[in-house]
Structure formats: structure tokens, C-alpha cells
Amino acid sequence: MKKLFASAIRIVLLISCKLVTGVQSRWLSEPYTYRPKIYYANHTSHLDGLVLWSCFPRCLRSNIRPIAAKDYWQQTKFKQFIAQDIFNSVLINRKPNNIGNPLLILGEILKKQQSIILFPEGTRGCGSNIADFKSGLFYLSKHFPDIELVPVYLNNLNRVLPKGSKLLVPIICSAIFGSPINSPTEDETKKSFLARAKLELEKLAP
Amino acid sequence: MIFTDSDLQLLLAGIFGLLIFASLIGQLIAKFRCNECNRKTIENLNQRINAWWMMSIVLLVAILIGTIGTLVLFICISFFALRECITLTPTKLGDHQALFWCFFIFLPIQYLLIGLNWYNFFAIFIPVFVFLFIATRIAINGNTVDFLGRVAKIQWSMMIAVYCISYIPALLLLNIDSYDGQNFKLIMFLVIVVQLSDVLQYVFGKLFGRHAIVPKLSPNKTVEGFIGGILSASLIGMSLWWITPFTFWQAGLVSTLITLLGFCGGLCMSAIKRDRGIKDFGTIIEGHGGMMDRIDSLCFAAPVFFHIINYFFG
């Protein structure tokens, strides 16, 4: 019953997302495959996850798991329902602690041939520029060097539902999928890798 | 009405006959004249013809459903057109609430007023109340950078995408002597003449176009295309006098006027696109570009067409 309800809501959300954002995806690299990938994108709006997710064909969607912050998305029953039942997302701790290493959880997911959507800024920005990345992306890529890292630039979403607003404004958005970037090399520091990943994402901005 | 109105049957036979003819020509060209250098143009031509099929059928179905169907169709058209206009204009965070009102409150109200047959309010709602509201709502937010420019961009978007377009279904409001219940044919007349003028300007321009009419603005709008398109579309409009309340010569005069206005609309929208450095407003109609690219000429023609009929025939 809950499952049926969730899929009904999912369809409603996808249709309204298409109506409001009319999102167009552009693939500069090989489009979606069944191989697991790590997609990382800039984060300016609550809709980012939904929009990115709606860019994939239906058969792939259940295999694409957005990563969300546990402290935020577990605050209420409603938020938890949205995060886990609707989007099938993985909730992880933003602050490292002893209970459950995020890398282990994500490793399990990649092993199941599922892809991950990650917003490495850690929080929503204002849209004018991309904030410095948190270190998660570095550790993840260092641990799983064989998994392709694909940057995705989400354009205009901060105009649809900016941080701090509850009102939607219909504006056409685009999602630009770049070519995969190289995993960190042996001697590359965390700082320089994160700067490189951010630069690759910024290059996609139209 | 499709079974009882013989004028309508004749008109539909004409429209779909023309579409079948265009599709046949398109397929033949694609088969025999296709080589590397013109492949793109021919592909685009056939996409456009297919989109015309789609648009004609959608418009016909909406009109046959009646007032409600027509209103719903034009609400959708206005929504998509407004979305394209707002996407293009660099709005700021301070405009957010005003934009929300425009999309979800003013746009439905404008069409509701038509549904309620409330002509006096419908004609002034956007140019008076909405315009003042937009400016005030943006001022309340306190961000004054480029205030006038930001207000004007939203007002102009509301004007062309909602106000002007809503004049097309508003044709159903008019009371014309001995033309009761036939107003939907005015919508068909307007759309057919203005859109055919667009197509014919494109065709004449492609065939004979040498001199650009406003070179800085668009190389595709030529003097030859302009003259050929306007003249032939006016003649077609004239020959359609039997679906209108006009006489033969009146139909010709009105057709000339609305095709000229359609040209002005296309010119202004091209200016906006050129300024923003884009080719099309969007990608919603395959082969044509965005919604705004298709209805740009109707935006200018519809209000004037409405008021002429209201003044002289209403």
C-alpha cells in the first residue's frame, strides 16, 4: 500500500517537475549505461535531486540513488518518507562519527551496480557560484577508483525554487552531463583533487 | 457542429487537404532531392510539417470541445510562452514572489474573466492592475538595482504571453449580428491567415529572398519574403470571407492588417532573441523552436483583430 502510494506520488512529482522546469538534459559524454557511476552536481535548490533523477530513463531510475544528509532528511516523518520511499535515497551522516562509515554504505550500493548522485558542496548555495567541495567526494573516488565520476551542471534551478523560498516559479532548466573526470592519482592531494573536480563542473556552465 | 455546419466542413477539408499536400511534397523532396548539403533544411521542413499536423489537430479538438476546451488550450499556451519569456530574462531573487503571482494567480484569472464573459474587466486587468502590482511587489522587496528594467521585463512578458494571447479565446465573447454561435470560426480565420502568412513569408524568402529587410536583426526576413507572404496571405484571407461576418473586401482589408501586425510581432520577438543571443525561445515544438517562436505573430495580431471586430461589427 505504502509502495503504491509512493509510486503514485513519484509520477505526480515527475509530471509537475516536467511542467515547471521543462528540464532538458545534454550529454557531452556517453549517455546513461547500466554501469554504476558517481554523478556529482552543484546544489542550489531542493528540486536538484528530482530534476537530475528525472533526466534518466525510467528503467534506470530505481538504480540511481541520491545521497542525502541524515540530519536533515530524518527530522520529520514526512521528510523521511520523501527521501527514502519516494527517491530511494541513501541517508548518510554529514559529520563523521563511529556509527556506520558512509564509505562502507556507499560501497555496498556501488557493488549492487547502482549509481550515486552526490552534491559535494554539502549544502545549497545561492546559485551565483559553486562553493568549495566537502571531502566526501575525494575519499569516495579514492576508494573506488574504477567507478566513473561524472560532473553534472544544473542550470537555472535556483531561479525555480531558491534557498529560503517556498514558492515555485516555472523556468526552463537544463542539466549538462560532462565527460567523466579522472580519479585522484597517487600523489594528488585532497585539496587539489577537489579543486580540479570543481573546475570541471564550472566548465560545464553555459 | 462539425456535422451540421457545411462551411466548417469545407474549411476543414481545405486545411487537412493542404496538410496532406504539404506532407506529400515534403516526403517527395526528402526522397528525390536529398543530398548532404540540404539534408538539414529538408529534415527541418518535414519536422515543421509534422508539427503543423499536431497543432492543427490540437486546435481543432479544443475548439470542438467548446469554450472550456479553447480556454484550457490557451491557458497552456500562455503558460509555456510565459515560462520561455521569463527563462530568457535574467530575473533576480527579488522578483521571485511577483513571478509566482504572474504564473499561478494572474494567468488563471485572466482566462477566468473570459470564461465569465466579463469583457470590461478582462480588457484592463493586466495593463492596469497586474502592472501596478508587479512594480509594487518588487519594490517591497527593497532590491532597487535595475528596478525599472526588471519590472518592465516581467510586464512585457505578461503582456505578450498572457494578455495578447488571451485575446484569441476572447473572440468567443463578441456578440455579432447574425453570427451567433459561430465565433469559433473567427479564431480559425485569425490563426489560419496569420500562420499562413508566416509560412508563406518563409517560403517566398527561401525561394526568392535576396535583400534582408532589417539586416542587423535577421537575415531570414527578406523584402521578397515580406511582399510575397503578405500579399498571398491577404488573398487567402480575402477568399475566406465566407467563414467571417465580413464582406469580401472587408475580409481582404482585415487580412492585410493582421498579416502586417503578425510581421511586426515576429520582428519584435526576433529583436528579443537577437539581444539575448539565442536562436529560438525553446524546444517545445519540434522543428519550430519554442512556443513563443510559433505564436509571436499572433501576439500582435490578436488584440487588434479583436478590437476591430468589436468596434465595427460588435
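It should be noted that the structure appears before, not after, this text.
**Q** Honestly, the overall build of chain A in this entry has me stumped. Any pointers?
**A** Counting its regular elements, chain A contains 9 helices and 7 strands. The dimensions of chain A, computed from C-alpha atoms along their principal axes, are 50 × 40 × 35 Å. In chain A, which comprises 206 residues, the proportion classed as buried is 49%. For chain A, the computed accessible surface area is about 10800 Å², with 58% contributed by carbon and sulfur atoms. When the 28 basic and 14 acidic side-chain charges of chain A are each reduced to a single mean position, those positions are 10 Å apart.

**Q** Would you mind showing me how to read the pairing of strand β2 (residues 37-41) of chain A here?
**A** Here is the key point about a regular strand: its side chains alternate between the two faces of the sheet. Residue and element names in this part refer to chain A. β2 sits mainly inside the fold: 5 of its 5 residues count as buried. On β2, burial covers both faces: Lys37, Tyr39 and Ala41 on one face and Ile38 and Tyr40 on the other are all buried. In this sheet, strand β6 (residues 148-155) lies alongside β2 in parallel orientation, the contact comprising 5 bridges. Counterpart to Tyr40 in the pairing with β6 is Pro151. With 3 bridges connecting them, β2 and strand β5 (residues 115-118) associate as parallel partners. By the bridge assignment, Tyr39 is partnered in β5 with Ile117.

**Q** Help me out: how do you make sense of the pattern of salt bridges in this one?
**A** Where charged atoms from two side chains of opposite charge approach closely, those side chains can pair. Residues and elements named next belong to chain A. Counted under the stated rule, the structure contains 11 salt bridges over all chains. Notably, a salt bridge pairs Lys37 with Glu148, separated by 3.6 Å at the nearest N-O pair. One end of the pair, Lys37, is in strand β2; the other, Glu148, is in strand β6, with 111 residues separating them in the sequence. In this structure Lys37 comes out as buried when scored by relative accessible area, which is 3%. Between Arg196 and Glu188 there is a salt bridge, and its shortest N-O distance comes to 2.9 Å.

**Q** Looking at this structure, I do not really get the nonpolar core. What am I missing?
**A** Note on soluble globular proteins: their nonpolar side chains tend to be buried together. By size, the foremost hydrophobic cluster in this structure holds 118 residues, and its most contacted members are B:Leu190 and B:Phe305. Not counting residues within four places of it along the chain, the set of residues in contact with B:Leu190 comprises B:Ile168, B:Leu171, B:Ile258, B:Leu298, B:Ala301, B:Ala302 and B:Phe305. By size, the runner-up hydrophobic cluster in this structure holds 27 residues, among which are A:Tyr40, A:Leu103, A:Ile109 and A:Ile176.

**Q** Just to check I follow, could you spell out the side chain of B:His288 for this structure?
**A** Residue and element names in this part refer to chain B. Along the chain, His288 falls in the loop between α9 (248-276) and α10 (291-312). There is a polar contact of 3.2 Å between the side chain of His288 and the backbone oxygen of Arg48. With sequence-adjacent residues up to four places away left out, His288 is seen in contact with Arg48, Ala51, Trp52, Met55, Asp280, Asp293 and Arg294.

**Q** Looking at this structure, I do not really get the environment of A:Asn93. What am I missing?
**A** One can find A:Asn93 in the loop between β4 (90-92) and α6 (102-111). In sequence terms A:Asn93 and A:Ala69 are 24 residues apart; their C-alpha atoms lie 6.0 Å from each other.

**Q** Sorry if this is basic, but what is going on with the packing of aromatic side chains here?
**A** Geometrically, a pair of aromatic rings is defined through the distance of the ring centres and the angle of the planes. Taken as a whole, this structure holds 37 aromatic pairs over all chains when the rule is applied. Note on A:Tyr72 and A:Trp73: the rings are 5.3 Å apart at their centroids and 75° apart in plane angle, and the pair reads as edge-to-face. Residue classification places A:Tyr72 among the partly exposed positions, given a relative accessible area of 25%. A connected cluster of aromatic rings, assembled from ring pairs, spans B:Trp101, B:Phe106, B:Trp118, B:Phe121, B:Phe125, B:Phe129 and B:Phe133. The side chain of A:Lys79 reaches across the aromatic face of A:Tyr72, ending 3.9 Å from its centre. Positioned above the aromatic ring of B:Tyr202 is the side chain of B:Arg48, whose terminal nitrogen or guanidinium carbon lies 4.7 Å from the ring centre.

About the criteria used
Residues numbered from 1 in each chain as written. Chains lettered and ligands numbered in written order. Predicted model: local features only at pLDDT ≥ 70, side-chain atom pairs only at ≥ 80, totals over all residues. Heavy atoms only, no water. Helix = DSSP H or I, 4+ residues; strand = E, 2+ residues; numbered from the N terminus. Buried < 20%, exposed > 50% of the residue type's maximum accessible area, 1.4 Å probe, protein only. Areas by Shrake-Rupley, 256 points an atom, 1.4 Å probe, with all protein chains shown as cover. Lys, Arg positive; Asp, Glu negative; His and termini not counted. Charge placed at Lys NZ, Arg CZ, Asp CG, Glu CD. Pairing = 2+ DSSP bridges. Salt bridge = Lys/Arg side-chain N within 4 Å of Asp/Glu carboxyl O. Core = buried A, V, L, I, M, F, W, Y, C linked by side-chain atoms within 4.5 Å. Contact = heavy atoms within 4.5 Å. Polar contact = N/O pair within 3.5 Å; in protein donor to acceptor, adjacent residues only side chain to side chain. Phe/Tyr/Trp six-rings, centres within 6.5 Å; stacked < 30°, edge-to-face > 60°. Lys NZ or Arg CZ within 6 Å of the ring centre and 35° of its normal.

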